[in-house]
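Read off the chains here:
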Amino acid sequence: MAGAAASRSGLKSALPLLAPAYLWLTVAIFLPLSAMVFFSFMTDLPLSGKPWAFTLGNYAAFFSQSLYLTLLLASLRLGLEVTLWCIVIGYPAAYVLAKVLKGRSREAIFLLVILPFWSNGLVRIFSWAMVLREGGILDTALNALLPFKINIDLMYSYPAVIIGLVHSYVPYMVLTCYLTLQAIDDSLIEAGRSLGASRLQVLKRVIIPLSMPGLVAGAALIFVPVVGSFMEPRILGGRTGTFYGTVIEDEFVAVFNWPLGAALSFILLAVVLVILAVASPVLRRAA
């Protein structure tokens, strides 16, 4: 009884501090989402001045046209590939930051890791366009170093989209893994080595299992936005960069068909939630 009373008292005292955050979340997230749900069941926008009615046709369009399903599967594949590349690149970098580097060298590398957050997304994308295009920075540098001429032109290709997305999202993997790796007691690693385990065995049986929460969190933070991404595919992929997110952007910006764009967005949200729900038992065991 006393514990329950203390808990209620603590909640009452914390309510004035929590109220602004929850009010902002309600205004900034739930109200726009509610409006988009409303739009997704309409034949046209009320703001357009045209007659409108409620319909399920926007959702039916997804199932009646195989193009949408094909693009959704391509976007899910893109999300998986980018997440895997972020793990391959980000996890070793996080381990070096947490367990190898010390002092100012760690601070310098950490600064380089978070540097992409300090620049606009479009700036990063167009920077890669300058690097990957024919006659760009990469092409010019390689031809200056090599005795033979080569032609490097990755613009408007699937690898260019992967490169741009990995560059944008790999810091999430580094940061989440760094936090869990830093929390691992060095004595556990030393104990494994003293018992005769090799470096690979210590990595597989001690370090990776204990750092799995960071891997899971980083993978979720990367996979969800990448599936709906449109800037990198649009600019770096060209015609090959047509994915589910670019189609949604076209419906809102180019075609101005907000009801269909909203319906496609919520179908994507539902698919992602189903994937996370199916994977949640595995994720809980990993965490």
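The chain carries the name ABC transporter permease in an unreviewed UniProt entry, which gives Mesorhizobium opportunistum as its organism. Heading Sequence similarities (unreviewed entry) of the UniProt record for the chain holds this comment: "Belongs to the binding-protein-dependent transport system permease family. CysTW subfamily."

Caption draft 1: Quick look at the UniProt feature "domain: ABC transmembrane type-1" (unreviewed entry) in the chain. As recorded in UniProt, the feature "domain: ABC transmembrane type-1" (unreviewed entry) lies at residues 72–279. Summarising residues 72–279: 79% helix, 0% strand, and an end-to-end C-alpha distance of 19 Å.

Caption draft 2: Geometry of a nonpolar patch on the surface. A contiguous nonpolar surface patch, about 710 Å² in accessible area, is contributed by Leu18, Tyr22, Trp24, Leu25, Ile29, Phe30 and Leu33. Mapped onto the elements, Trp24 comes out in helix α1 (residues 2–40).

Caption draft 3: Expanded view of the nonpolar core. Counting residues in hydrophobic clusters, the biggest one holds 28 residues, and the most contacted among them are Leu78, Val82, Cys86 and Leu181. The set of elements that each furnish at least two residues to this core consists of α3 (66–100), α7 (158–183) and α9 (199–227). The element that contributes the greatest number of residues to this core is α7, accounting for eleven residues. Residue contacts for Val82: discarding those within four places in its chain leaves Ile162, Leu165, Val166, Ile222 and Val226. Judged by nonpolar contacts, the second largest core, of 24 residues, contains Leu72, Ala262, Ala263 and Ile267.

Caption draft 4: Examining the packing of α7 against α9 more closely. Where α7 contacts α9, the axes come no closer than 8 Å and their chain directions differ by 150 degrees. Regarding the angle of α7 to α9, the classification is roughly antiparallel. The element α7 and its partner α9 pack so that their crossing is right-handed. Contacts from Leu165, Tyr169, Tyr172, Met173, Thr176, Cys177, Thr180 and Leu181 of α7 reach α9 at Ile207, Ser211, Pro213, Gly214, Leu215, Ala217, Gly218, Ala219, Leu221, Ile222, Pro225 and Val226. Here the residues of the contact of α7 with α9 are counted per class, giving 15 nonpolar, five polar and no charged.

Caption draft 5: Region of interest: the UniProt feature "transmembrane region" (unreviewed entry) in the chain. Under the feature "transmembrane region" (unreviewed entry), the UniProt entry names residues 21–41, 82–101, 108–131, 156–181, 202–224 and 260–283. Across residues 21–41, the secondary structure splits into 95% helix and 0% strand, with the terminal C-alpha atoms separated by 30 Å. Helix makes up 95% of residues 82–101 and strand makes up 0%, while its end C-alpha atoms are separated by 27 Å.

Caption draft 6: Spotlight on unusual backbone geometry. Phi at Tyr156 is positive, roughly 60 degrees, even though this residue is not glycine. With respect to the secondary-structure elements, Tyr156 resides in the loop between α6 (137–145) and α7.

Caption draft 7: Here's a closer look at the side chain of Ser211. Here Ser211 is to be found in helix α9. Take Ser211: its relative accessible area is 0%, and that puts it in the buried class.

Caption draft 8: Up close: the side chain of Arg106. As for its placement among the helices and strands, Arg106 is situated in helix α4 (residues 103–114). Here the side chain of Arg106 touches Ala98 through a polar contact of 3.4 Å, landing on its backbone oxygen.

Caption draft 9: Local environment of the environment of Pro116. Here Pro116 is to be found in the loop between α4 and α5 (121–132). What makes Pro116 buried here is its relative accessible area of 11%. Residues Pro116 and Val170, spaced 54 residues apart in sequence, show a C-alpha to C-alpha distance of 9.6 Å.

Caption draft 10: Examining the packing of aromatic side chains more closely. Under the counting rule described, the total for this entry stands at 13 aromatic pairs. Where Phe39 meets Trp258, the ring centres are 6.3 Å apart and the plane angle is 65 degrees; that geometry is what we call edge-to-face. Placement of the pair is Phe39 in helix α1 and Trp258 in helix α12 (residues 258–286), with a sequence separation of 219 residues. What makes Trp258 partly exposed here is its relative accessible area of 28%. Aromatic ring contacts, followed pair by pair, group Phe38, Phe39, Trp52, Phe54, Phe252, Phe256 and Trp258 into a single cluster.

Caption draft 11: Fine view of the packing of α3 against α7. Closest axis-to-axis distance for the α3/α7 pair is 6 Å, and the angle between their directions is 40 degrees. As summarised for this structure, α3 and α7 are arranged oblique, according to the angle between their axes. Between α3 and α7 lies a crossing whose hand is right-handed. Its residues assigned to classes, the contact of α3 with α7 comprises 24 nonpolar, two polar and three charged.

Cut-off values and rules
- Residues numbered from 1 in each chain as written.
- Predicted model: local features only at pLDDT ≥ 70, side-chain atom pairs only at ≥ 80, totals over all residues.
- Heavy atoms only, no water.
- UniProt positions renumbered as here; feature names shortened; annotations may be inferred.
- Helix = DSSP H or I, 4+ residues; strand = E, 2+ residues; numbered from the N terminus.
- Patch = residues over 30% accessible without salt bridge, like charges linked within 9 Å, V, L, I, M, F, W, Y side chains within 5 Å.
- Areas by Shrake-Rupley, 256 points an atom, 1.4 Å probe, with all protein chains shown as cover.
- Salt bridge = Lys/Arg side-chain N within 4 Å of Asp/Glu carboxyl O.
- Core = buried A, V, L, I, M, F, W, Y, C linked by side-chain atoms within 4.5 Å.
- Buried < 20%, exposed > 50% of the residue type's maximum accessible area, 1.4 Å probe, protein only.
- Contact = heavy atoms within 4.5 Å.
- Axes fitted to C-alpha atoms, helices over the stretch in contact; angles between N-to-C directions.
- Parallel < 35°, antiparallel > 145°, perpendicular 65-115°, else oblique.
- Left-handed = near helix turned anticlockwise from the far one by under 90°.
- Nonpolar A, V, L, I, M, F, W, Y, C, P; charged D, E, K, R; others polar.
- Polar contact = N/O pair within 3.5 Å; in protein donor to acceptor, adjacent residues only side chain to side chain.
- Phe/Tyr/Trp six-rings, centres within 6.5 Å; stacked < 30°, edge-to-face > 60°.

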